[in-house]
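Inside the fold
Chain by chain, the residues run as shown.
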Amino acid sequence: MSAPAIRNELLELIGKNPGGHVDAKIINEFSAKLQEYANSPGVDTSDVIFAIGSSVYGVSVKLPSSKSSGSSGAGASEPVIVDFDYMKQFMKDVFISYGCTEDQAETSSEVLIEADKRGIDSHGLGRLKPIYCDRIDKGILWSNKPITVLKETETTALVDGNLGLGLYIGPYCMKMAIEKAKKHGVGFVAAQNSTHYGIAGYYTSMAADAGCVGFSGTNARPSIAPTFGVEPMLGTNPLCFGIPSDDDFPFVIDCATSVNQRGKIEKYAREGVDTPRGAVIDNDGIERTDTEGILRDMVLGKCALTPVGGAGDELGGYKGYGWATVVELLSTAFQSGPFGEDVCGVDRATGKPAPMPLGHFFLAINIENLCPLDTFKANSGKLLNALRESKKSPKGPGRIWTAGELENDARVSRTAQGGMKVPAVLQQNMVDLRDKFQDLKDKYDKLPFEN
């Protein structure tokens, strides 16, 4: 039986047995079926159904992993600290092994390692295998595609990424926007047929470091329901600004337009706590808090995330809905791009993986066209420092942060400790990627965590 067919049986088992996670017979049946799914050729080991098996049913299965003669594997159960330079080079070499050019691999690995330096572990090494390499293997993302400039003026451009690496397409576009801003004051670039481009904050930081105000966003697979709706229609669409200041780091606000993301709900399940009310809504319009049930119903398409502000309008959910829509519009309207089900990543007719043609946008405003850069930085720093020095809550941590500060703290801390902590699951990902290619096996015969 094919992996998609087994997965459908798992979903049917979940759907027909709402209380199955407390029924020993159903748990055993689910466990056996999940292991069968795990053993299927070409199975996606990052499939959320494995997280549901662990979090909801208490079932752990053995996932497939590559083995090589003489390889000791990822034996360490505790995280191991790995130097940033080493990790970036490893990721770069992986991209090259997948067919990227030197430039594509260098740029893509830089975007990923920057996420890890900033403490955004969800978008660094953790994304290398499941989001990029596995999707290349599945034929829904291509490692070496040209970027086509479809239309260009002195201040604007529309480019086509041809379903290549968003990690390379993104920097290309923001660099173009910055160059236009430096010449003409403002530069705006829209991208179509791109793929996941990593942390949006990377691009607005590029602009801020170049003496510009930066603005960027991207659409994503549908997860958010509109205010007073229940169907996932919008991505978790990040809205991101980068603004220079006289601090050691720019002001960078990079956050999703949903209250929570699925990964956070999986975390609640591991901790055995309820999901905060207002973060998830189901098809009956109920604001759900039962974390295990939420995870089950999200797979079945019976739940949706809510926008910032939550469901309904009592706490201003329409604001988050509006901002998520702004990002979706700027990611699709210029590009005549797909949205909703057309970027869900699955062919509903066959259950097989499908390309997700995403849109992005990049804006750079050159500060020197309006005022001296040092004056702007001083003015920004004055406001940001006033916020940090304002009266603290007696019930809080005793400190107020401004956007970008926590990420700078993480960079300082991780640099001091000698690099980034690599947990066991990512150690195994590195082993699997290394063992897939002979050139990587030759160069990385012993990874830092291997005995």
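Quick note: structure is the one above.
This section reports on the structure supplied with the text.

Procedures and definitions
- Residues numbered from 1 in each chain as written.
- Predicted model: local features only at pLDDT ≥ 70, side-chain atom pairs only at ≥ 80, totals over all residues.
- Heavy atoms only, no water.
- Helix = DSSP H or I, 4+ residues; strand = E, 2+ residues; numbered from the N terminus.
- Contact = heavy atoms within 4.5 Å.
- Axes fitted to C-alpha atoms, helices over the stretch in contact; angles between N-to-C directions.
- Parallel < 35°, antiparallel > 145°, perpendicular 65-115°, else oblique.
- Nonpolar A, V, L, I, M, F, W, Y, C, P; charged D, E, K, R; others polar.
- Salt bridge = Lys/Arg side-chain N within 4 Å of Asp/Glu carboxyl O.
- Buried < 20%, exposed > 50% of the residue type's maximum accessible area, 1.4 Å probe, protein only.
- Core = buried A, V, L, I, M, F, W, Y, C linked by side-chain atoms within 4.5 Å.
- Pairing = 2+ DSSP bridges.

Quick notes on the environment of valine 327
- With respect to the helices and strands, valine 327 occurs in helix α11 (residues 317-332).
- Along the primary structure valine 327 and histidine 196 are separated by 131 residues, whereas in three dimensions their C-alpha atoms are 15 Å apart.
- When neighbours within four sequence positions are excluded, valine 327 is seen to be in contact with Gly217, Thr218, Asn219, Asn237, Pro238, Leu239 and Phe361.

Here's the deal with the packing of helix α5 (residues 102-117) against helix α7 (residues 166-184)
- Between α5 and α7, the shortest axis-to-axis distance is 8 Å and the interhelical angle comes to 90°. Taken as axis vectors, α5 and α7 run roughly perpendicular relative to one another. When α5 is examined against α7, the residues Asp103, Gln104, Thr107, Ser108, Val111 and Leu112 are found in contact with a partner set consisting of Leu167, Tyr168 and Pro171.
- Among the residues forming the contact of α5 with α7, the class breakdown is five nonpolar, three polar and one charged.

Some points on the pattern of salt bridges
- A full pass over the atoms with the stated rule returns 22 salt bridges.
- Across the pair lysine 88 and glutamate 110 runs a salt bridge whose closest N-O atoms are separated by 3.1 Å. Here the residue lysine 88 occupies a position in helix α4 (residues 84-97), and glutamate 110 occupies one in helix α5, the gap between them amounting to 22 residues.
- Residue glutamate 405 is joined to arginine 399 by a salt bridge in which the shortest nitrogen-to-oxygen separation is 2.9 Å.
- The buried category is assigned to glutamate 405, whose relative accessible area is 8%.
- One network of salt bridges, in which partners are shared, links Lys88, Lys92, Glu102, Glu106 and Glu110.

With respect to unusual backbone geometry
- Within the chain, leucine 163 stands out as a residue other than glycine whose phi angle is a positive 60°.
- Position of leucine 163 among the secondary structure elements: in the loop between β3 (156-160) and α7.
- Residue classification places leucine 163 among the buried positions, given a relative accessible area of 15%.

Here's the deal with the nonpolar core
- Residues Met87, Phe95, Leu125 and Leu128 are the most contacted members of the largest nonpolar core, which totals 58 residues.
- In this structure, leucine 125 is in contact with Met87, Met91, Asp116, Met420, Val422, Leu426 and Met430, ignoring residues within four places of it in sequence.
- Counting residues in each nonpolar core, the second largest holds 30 residues, with Leu13, Ile26, Ile49 and Leu305 among its members.

Considerations on the environment of isoleucine 169
- Tracing the backbone shows isoleucine 169 in helix α7.
- Separated by 156 residues in the primary sequence, isoleucine 169 and leucine 13 place their C-alpha atoms 41 Å from one another.
- Leave out the neighbours within four places in its chain, and isoleucine 169 touches Ile147, Gly161, Gly164, Ala191 and Ser194.

Some details on the sheet that holds strand β6 (residues 239-243)
- Taken in spatial order, the seven strands line up as β2-β3-β4-β10-β5-β6-β7 in an open sheet, and their pairing is mixed. What marks the edges here is a single partner per strand, and that holds for β2 (148-152) and β7 (251-255). Shown here is a sheet whose adjacent strand axes are inclined to one another by a mean of 15°, direction ignored.
- In this sheet, strand β4 (residues 186-194) lies alongside β3 in parallel orientation, the contact comprising five bridges. Of the residues in β4, the one forming a bridge with valine 159 is alanine 191.
- In the packing of helix α8 (residues 200-209) onto the sheet, contacts are made with β5 (212-218), β6, β7 and β10 (358-366), and the angle to β5 comes to roughly 160°.
- Along the sheet, α11 contacts β5, β6 and β10; its crossing angle with β10, the most-contacted strand, is approximately 95°.

Looking at the pairing of β2
- For β2 and β3, the ladder comprises four bridges, and the chain directions are antiparallel. Along β3, the bridge assignment pairs threonine 148 with aspartate 160.
- Two successive antiparallel strands, β2 and β3, enclose a turn made up of three residues.

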